[in-house]
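As a plain string of letters, each chain reads:
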Amino acid sequence: MTPRMINSAATVASRPRASVGGSGLGKPRLDFATLGRAPLRMSFGSRRITSRDLQIVEATEELLDAEVPESDGASSNVSLLRGFNATIPSADQGRTRRRQMRNVETPRIGLKKLGMSARGLMTEDEDHEGQSVASEEDVIVVTAADAGKKGKKRGRESLSTQKVLGKEELSRQTQEIQRDKENLHVRRSLVNNEIAEITNKIEALDSIRAKLEQDLLKLQEDELELDDELVGVKERMEFEQASSRTNPQKTAAQPLHLPPSSRRRKGPAFLPSEHDELPPGVAFMTLDSHTTPITALDFSEPYGTLVSASQEDAQPRVWDLFSGSEIGRLRGHNGAVKCVQVEDHVCLTGGEDGNVRLWDLRRVDEDNDEWGTGAFVSLSDVAEEDESERDHELEDIPTGIRDSASEDALEKNGPCARLLEGHTKAVTALYFEDECLVTGASDKTLRQWDLTTGQCVMTMDILWAISHPPKSGLASSAYGAASSAAGSFAAPTTPYANSTWDIDEDFVGGVQFWGYGLVSGSGDGAVRMWDMRTGQAHRTLLGHTAPVSCLQFDEIHIASGSLDNTIRIWDLRTGGIFETINFDHAVTGLQFDTRKIIAATGENGVKVYNRTSMQQSTLLTNGHTKPVERLRYMDRYLVTGGCDATLKIWSL
């Protein structure tokens, strides 16, 4: 019996009792439920036979003739007994019997030998006289009388004329064939039901498999998170060991200390215990002091110090993220600030005036009420160099942020500790680690600075790299050649989600270095890898069809965002494209780690790409009302700035 038959029998047991046949009024009714509950006795015992047992025995024929009720479904028209009868191989037996009845006694014609010979088998020699090669339907019966007549031929007789079955036998065979056909229909229905049941089981197993695959991806993410946490613990151990060896009094005597970079920090950040109570993916704080779209932002740590800049505003704002209040402003630039990097209490800003300023954020509040009209003191002013001898390049002078002789002059200028001059156009990208700084500007050059001395150590010309590609690199694209030929760079962005668009004039979209390896993304759509020891570009990664607006790299991959609506993941080992992520609008900001990529893609929401499951999600709850432009996150803490002139703080 099939499982569906067993389930049907169980359904019958759970239904109300009903009479099987036309029983008398005084006779108790007996149904299949009662039969199912009757005890089965297979041995001789001393127990007395009751009247209930006799009722079951007397109603045997009635129960066998009754139709077994079935549940609704594909097999509702097939009874349990019909299904059981259909499984009995009576059709094969009837077919064999009918075939035997059609056999006719004829002289042997050697069919067995013919069959074995066709299969290539050897047989013993037999008498072949009187045998012919023919099929069963074409055999001619030759009698002994006919054999004696020589020279005479007779017409062909069919074998069917030698057999008379009779009307009753033929009618019985007709009924038997019809019954076999009905049984085949029943068996076909049962097979179809089993196929449907197996299909349902396969679908259930597929759903279980999909859930297990999701659990496996979650385990992979948890493993990556544990790896990052382990690295963070080791970094913290090294930091505390180094701090224990340092004399606290000697450290406090230094006017400005450059902290290590947090850009490659993998471990978890220190967060207030209340942060765990925040729902993920929700902007829980809004800072709305700006009046124009945000152009740059960065913060020291979660709930630490945030510096943000906006269009047509030469004074970046400093915020206390713990209280959500504005601390002060960084006054000194003569144009809008295009790029910002904050590490602990040190901040570097690059502006449209071509200058880079180094700020001590601990002295911002002191400068709020004492701002005057005086200018900042540059390196050449500290050295008392003649103004006429300056050509906008810093000389090798023994002054810097650690020179005690210049402390009085720096204190007069408030939080600004250093002014770096050299670029002739807007500084659009910068990155510093320890005492090394690299800046990129719209004058199509990259400059390397020593923050200890304030000197420009090296200048790397992007136009020279375009006209002299490395031998191992590919030729420049048509877009790159066209953009580099123009005197001034300007590229229209693709329309945002709100149908607005802008002109991008930042030729250098992003820079980052690690050791002696430098990576830059520029307006010709190329991602270049430089050797900071020689100042030469040794590899050019071509693939973007519009200016590169942002980039970041780690030990294995480079992630670059472009105005061509894509983020491309490059393999540092091969120089090829590892993955391409497409969006509907231009990519203006990104940051990634081993588990996810967070990007600003010209929409009001923030895009989050899961690198493990390769799925995208969007942060929208209590978010921006206009497209997001810039972002920065650390662990589960995210800050975004948009075209609506607001800053949003998110919990990830």
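This structure is a prediction, so every number in the text was calculated from the model and none was measured.

A. Expanded view of the overall build of the protein chain. Scanning the protein chain for helices and strands turns up 14 helices and 30 strands. Scored against the burial criterion, the 652 residues of the protein chain give a buried share of 42%. The long-range share in the protein chain, meaning contacts at least 24 apart out of those at least 6 apart in sequence, stands at 53%. When the accessible surface of the protein chain is split by element, carbon and sulfur atoms take 52% of a total near 36800 Å².

B. Layout of the pairing of strand S11 (residues 436-441). Among the six residues in S11, six count as buried, and that is most of the element. Both faces of S11 are covered, namely the face carrying Cys436, Val438 and Gly440 and the face carrying Leu437, Thr439 and Ala441. When strand S10 (residues 427-433) meets S11, the two strands line up antiparallel, connected through six bridges. Bridge assignment links Phe432 to a residue of S11, and that residue is Leu437.

C. How the structure looks around the nonpolar core. Core analysis: the largest hydrophobic core is formed by 18 residues, its most contacted members being Leu446, Ile462, Val508, Val511, Phe513, Leu518 and Trp530. Not counting chain neighbours up to four residues away, the residues in contact with Ile462 comprise Lys444, Leu446, Phe507, Val508, Ser522, Arg528 and Trp530. Ranked by size, the runner-up nonpolar core spans 15 residues in total, among them Phe299, Tyr303, Val639 and Ile649.

D. Region of the structure containing the environment of Glu277. Inspection of the secondary structure assignment puts Glu277 in the loop between helix H10 (248-253) and strand S1 (282-287). C-alpha of Glu277 to C-alpha of Ser651: the two residues are 374 residues apart in sequence and 9.8 Å apart in space.

E. Representation of the confidence of the model for the protein chain. Taken over all residues, the pLDDT of the protein chain has a mean of 77, while the share at 70 or more is 67%. Mean pLDDT values for the elements of the protein chain range from 38 in helix H11 (residues 379-382) up to 96 in strand S3 (residues 305-310). When the criterion is pLDDT under 50, residues 473-478 qualifies, and its contacts beyond four places in sequence or with other chains add up to seven contacts. The low-confidence segment residues 480-486 (pLDDT under 50) makes seven contacts with residues lying over four places distant or belonging to another chain.

F. Highlighting helix H9 (residues 167-245). In this model, H9 (79 residues) spans 116 Å end to end at C-alpha, consistent with the 117 Å of a helix rising 1.5 Å per residue. Listed as buried for H9 are Glu169, Gln173, Glu176, Asp180, Asn183, Val186, Ser189, Leu190, Asn193, Glu221, Asp228 and Gly232.

G. Examining the sheet that holds strand S27 (residues 615-619) more closely. Spatial strand order, S24-S25-S26-S27: four strands in an open sheet with antiparallel pairing. Each of the sheet's edge strands pairs with one partner strand only, and the pair in question is strand S24 (589-592) and S27. Sheet twist, expressed as the average angle between the axes of neighbouring strands with direction ignored, equals 20 degrees.

H. A nonpolar patch on the surface, seen in detail. The grouping of Leu205, Ile208 and Leu212 at the surface amounts to a nonpolar patch, some 310 Å² of accessible area in total. Position of Leu212 relative to the elements: it lies in helix H9. Looking at Leu212, the relative accessible area reads 53%, which means it is exposed.

I. Broad picture of the packing of aromatic side chains. In total, this model carries six aromatic pairs according to the counting rule given. Plain terms: the ring middles of Tyr303 and Phe322 are 6.4 Å apart, the flat faces sit at 70 degrees to each other, and that makes the pair edge-to-face. You can see Tyr303 sitting in the loop between strand S2 (294-299) and S3 and its partner Phe322 sitting in the loop between strand S4 (317-320) and strand S5 (325-329), a full 19 residues away along the chain. Since its relative accessible area comes to 14%, Tyr303 is described here as buried. Given a relative accessible area of 60%, Phe322 falls into the exposed group. Taking NZ or CZ as reference, Arg632 lies 5.6 Å from the ring centre of Phe299, over its face.

Conventions used here
Per chain, residues are indexed from 1 in the order of the written sequence. It should be noted that, the model being predicted, local features are given only for residues of pLDDT at least 70 and side-chain atom pairs only at 80 or more, the latter also being counted only at that level, while totals for whole chains, interfaces and linings use all residues. Water and hydrogen atoms play no part in the side-chain values, which are based on all heavy atoms of the structure. The way it works is that DSSP assigns letters per residue, a run of H or I at least four long becomes a helix, a run of E at least two long becomes a strand, and they are numbered from the N terminus. Only protein chains enter the accessibility calculation, which uses a 1.4 Å probe; a residue whose area is less than 20% of its type maximum is buried, one above 50% is exposed, and one in between is partly exposed. Residue contacts are counted whenever heavy atoms from the two residues lie within 4.5 Å of one another. Each accessible area is a Shrake-Rupley result for a 1.4 Å probe, and residues are judged covered by the shown protein chains and nothing else. DSSP bridges decide pairing: two strands pair if at least two such bridges lie between them. Put simply, buried Ala, Val, Leu, Ile, Met, Phe, Trp, Tyr and Cys residues joined by side-chain atoms within 4.5 Å make one nonpolar core. On a scale of 0 to 100, pLDDT captures the predictor's confidence in every residue. The span expected for a helix works out to 1.5 Å for each residue beyond the first. Helix axes are fitted to C-alpha atoms over the stretch in contact, other axes to C-alpha atoms as well, and angles between N-to-C directions run from 0 to 180 degrees. Only residues whose relative accessible area exceeds 30% and that form no salt bridge enter a patch; like-charged residues are grouped when within 9 Å of one another, and nonpolar side chains (Val, Leu, Ile, Met, Phe, Trp, Tyr) when within 5 Å. Between Lys or Arg on one side and Asp or Glu on the other, a salt bridge is scored when a side-chain nitrogen of the former is within 4 Å of a carboxyl oxygen of the latter. Only Phe, Tyr and Trp rings take part, Trp by its six-membered ring, and two of them pair if their centres are within 6.5 Å. Stacked means planes under 30 degrees apart, edge-to-face means over 60, and tilted covers everything else. Think of it as a cone above the ring: NZ of Lys or CZ of Arg counts as a charge over the ring if it is within 6 Å of the ring centre and within 35 degrees of the ring normal.

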